[in-house]
Amino acid sequence: MIGVIFGLFALVCLFATYDFSRGRATESNSPLVGELLSATKARECGRDATEIVARYLPIGIGQAEAEKILSETVIDPPKPWFWKPVNENSIVSSGDSLEALRTIKITAFGNQVLRVFLGFEGGKLKRLAAEVICRFD
């Protein structure tokens, strides 16, 4: 009887570990997400990502084109069985500034989110700041 209980416990642990590891392998066709994930280490929070994002959103790019690039920065969330993934993607624009949040990595214990601040003058990008933050829900 103890062997059966131990076997069931091991099986549940195996499935949980497999499911959690699927959350670590983020799938995306976005080169920006790929570069961010290769540059950031696991559980690295508060990392400045301005230099990486500037390669994809150079100073002087138009606002419509910048918004298009940000809207294409998406991932395919994992389909786990014991936790619900939270995919946070939003773009908030107010006047000549824009703030975007894009989920770049989802795991069972928290997410990594790219936060981008853009400042525009005359419809062109003049200021850029980006960071990778962690959300633990």
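First things first, this report covers the structure right here in the doc. Small disclaimer: the values here were computed from a predicted structure and weren't measured.

### Digging into the overall build of the protein
Each helix and strand in the protein was counted, giving four helices and five strands. Going from N to C terminus, the protein has its helices and strands arranged as α-α-β-α-α-β-β-β-β. Of all 137 residues assigned to the protein, the portion counted as buried reaches 34%. Partitioning the contacts of the protein with sequence separation of at least 6, the portion at a separation of at least 24 is 55%. Of the roughly 8100 Å² of accessible surface on the protein, a fraction of 60% belongs to carbon and sulfur atoms.

### Concerning helix α2 (residues 31-39)
When we look at burial in α2, the residues that qualify are Leu32, Val33 and Leu36. Seen along its axis, α2 keeps its buried residues to an arc of 95°; they face one direction. With respect to the buried face of α2, the exposed residues turned more than 90 degrees away are Pro31 and Ser38.

The rules behind each value
- Every chain is numbered independently, its residues counted from 1 as its sequence is written.
- Per-residue local features are limited, in this predicted model, to residues with pLDDT of at least 70; the limit for side-chain atom pairs, both in listing and counting, is 80 or more; totals at the level of whole chains, interfaces and linings are taken over all residues.
- Excluding hydrogens and water, the side-chain figures rest on all heavy atoms present in the structure.
- The secondary structure listing takes helices from DSSP runs of H or I that are at least 4 residues long and strands from runs of E that are at least 2 residues long, numbered from the N terminus.
- Each residue is placed in one exposure class: buried if its accessible area under a 1.4 Å probe, protein chains only, is under 20% of its type's maximum, exposed if it is over 50%, and partly exposed if it falls in between.
- Only heavy atoms enter the contact rule, under which two residues are in contact if any of them lie within 4.5 Å.
- Computed with a 1.4 Å probe, the accessible areas rest on the Shrake-Rupley method; for each residue, only the protein chains presented here act as cover.
- By definition, the arc is the one covered by directions from the helix axis to the C-beta atoms.

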